[in-house]
Amino acid sequence: MKGVRQITDHNRLTIHEAHNLLKDKQLTSVELTKACLERIKQVEPRVKALVTITEELALEQARKADELLASGNTSPLTGIPAIIKDNMCTKGIRTTCSSKMLENFVPPYDATVVERLNNCGVVMVGKANMDEFAMGSSTEHSALFPTHNPWDLSRVPGGSSGGSAAAVAAGEAIYALGSDTGGSIRQPAGFCSVTGLKPTYGRVSRYGLVAFASSLDQIGPLTQDVTDCALVLNAIAGYDDRDSTSVPYSVPDYTQCLTTDIKGLRIGIPREYFVEGMQAEVETAIRTAIGKLEELGATVEWEVSLPHTAHALAVYYIIAPSEAMANLARYDGVKYGFSYQEADSMWDAMEKTRQYGFGDEVKRRIMLGTYALSAGYYDAYYLKAQKVRTLIRQEFDQAFEKYDALITPTSPTVPFKMGEKVDDPVQMYLSDVCTLPINIAGLPAISIPAGFADGLPIGMQIIGKPFSEETLLKIAYAYQQATEWHERRTKI
Ligand code: GLN
């Protein structure tokens, strides 16, 4: 067992640590919130993780939280500062999706996840930068500005939830929410050395999440450790009648499964995820981490094969753009968002609105999707992709008859340099090879810190069958109890 962590900066507390101090009246939410706001002022000029800083609102919410705490009426999230990715609607607060199209969009309602956090008395300190409409793996596709990795400012924080991950890693808030369509929680969590969970499709309501690819999108927590991840999932999971794809299963208390007893759990290591071109240090770190789990009592099968994995990238880049093209048709300059004003006709106005409102990557996806869905190509691309999607899902189902979890690297490399892949879409797409198949199959997966190469973070991905979040959290918890990677902090 490890010693008790000594915390000098309040903004570096975990949720469970801060909650204990708040409850015992050794700290107030206003003090904690001020520590985060101070930290934001100190690092934001360099990290640029936030699109909007909600200082006034945060202090007001903190004061209210302190009253709740005084009355003893609390949840573990009461009074704890959080950051929300800027594709989740926040009533009265700009929600840009890091796009020119929504730069001045102020939603008239809260996303369900935001509403649920508000009901817990949460404090929101800001909205996080992201790749435009969540399309990307580096946050360089934000139409506003790129975010920097707090471990090395010349590198990307990953994406598309790069702002959320960087903010947590830099100590700007205690935790954040992100969204994951093909890896956008896990990949930045890996790149920034934080814990990130993509829940099972349907576990968390998508109501009020700006839609990218509706059959793949899912909201989840980015936190400093697994316990915090369980606490946030407790608050946001569960059925919502405003999202017909949310599943009416009861929500367990996810902290109940956090024990270090993983004896006998069966873990499979799919060889296709140790892809060609993978960085040697990443492979070594992940194999060492798996060895640790074996030491802790898990039964590891080192040579599992999931042959359809090879097609996941192609399937994703047909299905995700097809759904995106349909979802993004609503941005026509008429209903809400950016509207081009100097047009000659209605058609001209719509065309120019989309021409100036969307960035290059978004346009690329719309074109890919339009092509894949057009008459004559639909059968060859979209329908075929859906069939392969079924095969990928079945292959996972079969694997989960034998294993409780599968483990892979989160990404094939450590965080890359800013600018390195931004002009090469295929290289950029490849940074999600290990995470995309999970969304295609609708499974839950968590990324946890598992080492460093030359000071740059490495993430390990644990994948489970649908609604087995407890198993993933348990394995991740056992690993974090036995290691210290997740306790390392950036020096900036
Ligand atoms: N990087 C992937 C993409 O660009 C996944 C993004 C996401 O999960 N939102 O589509």
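Since we're looking at a predicted model, the values are computed, not measured.

Caption draft 1: Summary view of empty space enclosed by the protein. On inspection of all chains with the given rule, the structure shows five cavities of 30 Å³ or more. Approximately 90 Å³ is the volume attributed to the largest cavity. Classifying every residue of the lining of the largest cavity gives six nonpolar, eight polar and two charged. Lining the second largest cavity are Arg12, Trp151, Val168, Ala169, Cys192, Ser193, Val194, Gln224, His486, Arg488, Arg489 and Thr490. Here the residues of the lining of the second largest cavity sort into five nonpolar, four polar and three charged.

Caption draft 2: How the structure looks around the pattern of salt bridges. Per the counting criterion, the structure on display carries 17 salt bridges. Ionic pairing is found between glutamate 55 and lysine 41, a salt bridge with its closest N-O pair at 3.5 Å. Of the two residues, glutamate 55 sits in helix H3 (residues 55–71) while lysine 41 sits in helix H2 (residues 29–47), which places them 14 residues apart along the sequence. When the shortest N-O distance is used, the salt bridge between arginine 155 and aspartate 152 registers 3.0 Å. Here arginine 155 falls in the buried class, since its relative accessible area comes to 17%. Using a relative accessible area of 23% as the deciding quantity, one classes aspartate 152 as partly exposed.

Caption draft 3: Main features of the site of the ligand. Residues in close proximity to the ligand total 15 residues, the closest being Gly182, Ser184, Tyr316, Arg365 and Asp432. Within the contact set of the ligand, an oxygen atom lies 3.2 Å away from a backbone nitrogen or oxygen of glycine 183. A distance of 2.7 Å separates an oxygen atom of the ligand from a polar atom in the side chain of arginine 365. Burial of the ligand by the protein chains amounts to 100% of its free accessible area of 290 Å². When atom positions are compared with the pocket grids, the ligand is found to occupy the largest cavity. Looking at the shell around the ligand residue by residue, the classes come out as five nonpolar, seven polar and three charged.

Caption draft 4: Representation of the layout of surface pockets. What the second largest pocket holds in volume is close to 220 Å³. For the second largest pocket, the lining is made up of 13 residues, of which Tyr109, Leu209, Val210, Arg330 and Tyr336 are closest to its centre. Among the residues forming the lining of the second largest pocket, the class breakdown is nine nonpolar, two polar and two charged.

Caption draft 5: Focus on the packing of helix H9 (residues 312–327) against helix H12 (residues 379–402). Remark: H9 packs on H12, axes separated minimally by 9 Å, with the N-to-C direction vectors making an angle of 125 degrees. With respect to each other, H9 and H12 are oriented oblique. When you trace H9 past H12, the crossing you get is left-handed. When H9 is examined against H12, the residues Ala312, Val315, Ile318, Ile319, Ser322 and Glu323 are found in contact with a partner set consisting of Tyr381, Tyr382, Ala385, Gln386, Val388, Arg389 and Ile392. Within the contact of H9 with H12, the residues separate by chemical class into nine nonpolar, two polar and two charged.

Caption draft 6: Expanded view of the packing of H9 against helix H11 (residues 360–373). One can describe the packing of H9 onto H11 by two numbers: an axis separation of 7 Å at closest approach and a directional angle of 100 degrees. In terms of orientation, H9 lies roughly perpendicular with respect to H11. Along its contact with H9, which presents Tyr317, Ile318, Pro321, Ser322 and Met325, the element H11 presents Arg365, Ile366, Leu368, Gly369, Thr370, Ala372 and Leu373. Each residue belonging to the contact of H9 with H11 can be placed in one class, and the counts come to eight nonpolar, three polar and one charged.

Quick notes on the rules
Residues numbered from 1 in each chain as written. Predicted model: local features only at pLDDT ≥ 70, side-chain atom pairs only at ≥ 80, totals over all residues. Heavy atoms only, no water. 1 Å grid on protein atoms, 1.4 Å probe; cavity = no way out; pocket = protein on both sides within 12 Å on 5 of 7 lines; lining within 4 Å. Points joined across faces, edges and corners; volume = space filled by probe spheres on them. Nonpolar A, V, L, I, M, F, W, Y, C, P; charged D, E, K, R; others polar. Salt bridge = Lys/Arg side-chain N within 4 Å of Asp/Glu carboxyl O. Helix = DSSP H or I, 4+ residues; strand = E, 2+ residues; numbered from the N terminus. Buried < 20%, exposed > 50% of the residue type's maximum accessible area, 1.4 Å probe, protein only. Near = heavy atom within 4 Å. Polar contact = N/O pair within 3.5 Å; in protein donor to acceptor, adjacent residues only side chain to side chain. Areas by Shrake-Rupley, 256 points an atom, 1.4 Å probe, with all protein chains shown as cover. Sits in = over half its atoms within 2 Å of the grid points. Axes fitted to C-alpha atoms, helices over the stretch in contact; angles between N-to-C directions. Parallel < 35°, antiparallel > 145°, perpendicular 65-115°, else oblique. Left-handed = near helix turned anticlockwise from the far one by under 90°. Contact = heavy atoms within 4.5 Å.

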